[in-house]
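# Summary of structural features
Each chain is listed here by its residues.
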Amino acid sequence: ELSGQLHGQHLAKEAVVRALRVFLQSPRPGKPLVLSFHGWSGTGKNFVARLVTRHLYRDGLKSECVRVFIALFHFPHHTYVDSYKAQLKKQISEIVQHCKQPLFIFDEAEKLHFSLLDAIKPFMAHYNDKDQVDYSRSIFLFLSNLGGNTINEVALDFWRAGRAREEISRELLEQRLRLELQEPAENGYAHSHLLQENLIDVLVPFLPLEHRHVKLCARDAFLARGLPYSEAALQEVANMMVFVPKEEKLFSAQGCKSVSQRINYFL
């Protein structure tokens, strides 16, 4: 399903499938699986999180073993951060006790206060206490726009050098991503201990989407509604999007976000 519906993301597809396969097949994982998705809006981070959820849980996002936290929605005021920390730890602890394999998704993760990330750090650490509740089968997904500019710069450099985006390696991007995430800025990653203590197992980069990928997203949107489409229609949808940088007009500024709404134009 990832191969057919996640466009332009060879690195993300490979990293997510490999990490999940190894984790799920391990009889006794040493720690919870922690993946951090990075890239521009509309590149597929939420899509992959939803797809993973749908395949791991019969009820998908409605499963009682799945919890989604959106930074600015669930934790909007820094003045209440101590209260949020207590609530968050309580919720995670309760779900871990109730579910053998819980999944926690943190959207807009870069906007989480660093003390919230540090508060849940023990739930992501290596598990070695046999007397406590076993949380080693938990899965944590962090979704963030942070690092998107760094990823895009690498993709643009490859394009300008005449190299295919498929030649971009995750090792190259992970190295650049770690540097950006550790910069002293207004983001929770830099001030928390997740990176320093290597609690994030995989930094998953989502590349910027090109014209051809937007057309594939448009095709999927037509098919999802059972509507006929033509190459001209796909081209027209792509032409409605904004592409950057100003000179090259190579990457969709919103990825594939809003493509499905633009199909309304053809109804």
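What counts as what
- Residues numbered from 1 in each chain as written.
- Predicted model: local features only at pLDDT ≥ 70, side-chain atom pairs only at ≥ 80, totals over all residues.
- Heavy atoms only, no water.
- Helix = DSSP H or I, 4+ residues; strand = E, 2+ residues; numbered from the N terminus.
- Rg over C-alpha atoms; globule rule 2.2 N^0.38 Å.
- Buried < 20%, exposed > 50% of the residue type's maximum accessible area, 1.4 Å probe, protein only.
- Contact = heavy atoms within 4.5 Å.
- Core = buried A, V, L, I, M, F, W, Y, C linked by side-chain atoms within 4.5 Å.
- Disulfide = S-S within 2.5 Å.
- Polar contact = N/O pair within 3.5 Å; in protein donor to acceptor, adjacent residues only side chain to side chain.
- Salt bridge = Lys/Arg side-chain N within 4 Å of Asp/Glu carboxyl O.

### Thoughts on the overall build of the protein
For the protein, the count of helices and strands is 13 helices and 7 strands. For a compact globule of 267 residues, the expected C-alpha radius of gyration is about 18 Å, and the protein comes in at 19 Å, within 12% of that figure. Residues counted as buried form 49% of the 267 residues belonging to the protein. The long-range fraction of contacts in the protein, counting pairs at least 24 apart against all pairs at least 6 apart in sequence, stands at 75%.

### Brief notes about the nonpolar core
Ranked by internal contacts, the top residues of the largest apolar core, which has 70 residues, are Phe 37, Ile 92, Phe 106, Phe 140, Leu 141 and Phe 142. Per-element accounting of this core gives the leading share, 7 residues, to helix H2 (residues 10–25). Excluding its chain neighbours within four sequence positions, the residues that come into contact with Phe 37 are Val 16, Lys 45, Val 48, Ala 49, Leu 141, Phe 142, Leu 143, Ser 144, Val 204 and Phe 206. Residues Val 214, Cys 217, Met 241 and Cys 256 belong to the second largest nonpolar core, which totals 15 residues.

### Overview of the state of the cysteines
A full pass over the atoms with the stated rule returns 2 disulfides. Residue Cys 65 pairs covalently with Cys 99 via a disulfide, S to S 2.1 Å. Taking the torsion about the sulfur-sulfur bond, which here is approximately -90°, the covalent link between Cys 65 and Cys 99 counts as left-handed. Taken as a pair, Cys 65 in the loop between helix H3 (45–56) and strand E2 (66–70) and Cys 99 in the loop between helix H5 (81–98) and strand E3 (103–107) lie far apart in primary sequence, 34 residues in all. Of the residues examined, Cys 65 reaches a relative accessible area of 14% and is grouped as buried.

### Examining the side chain of Ser 252
Turning to its location among the elements, Ser 252 is positioned in strand E7 (residues 251–252). A polar side-chain atom of Ser 252 sits 2.6 Å from the main-chain carbonyl oxygen of Gly 255. If near-sequence neighbours (up to four positions away) are discounted, Ser 252 is found in contact with Trp 40, Leu 209, Val 214, Met 241, Val 242 and Phe 243.

### Description of the pattern of salt bridges
Under the definition given, this model contains 15 salt bridges. Across the salt bridge formed by Lys 90 and Glu 94, the nearest N and O atoms sit 2.8 Å from each other. Of this pair, Lys 90 and Glu 94 both sit in helix H5, 4 residues apart, which is roughly one turn of that helix. Two residues, Arg 163 and Glu 167, come together in a salt bridge whose shortest N-O distance is 3.2 Å. The class of Arg 163 is partly exposed, set by a relative accessible area of 41%. Using a relative accessible area of 44% as the deciding quantity, one classes Glu 167 as partly exposed. Salt bridges here are not isolated pairs; linked through shared partners, they connect Arg 165, Glu 210 and Arg 212.

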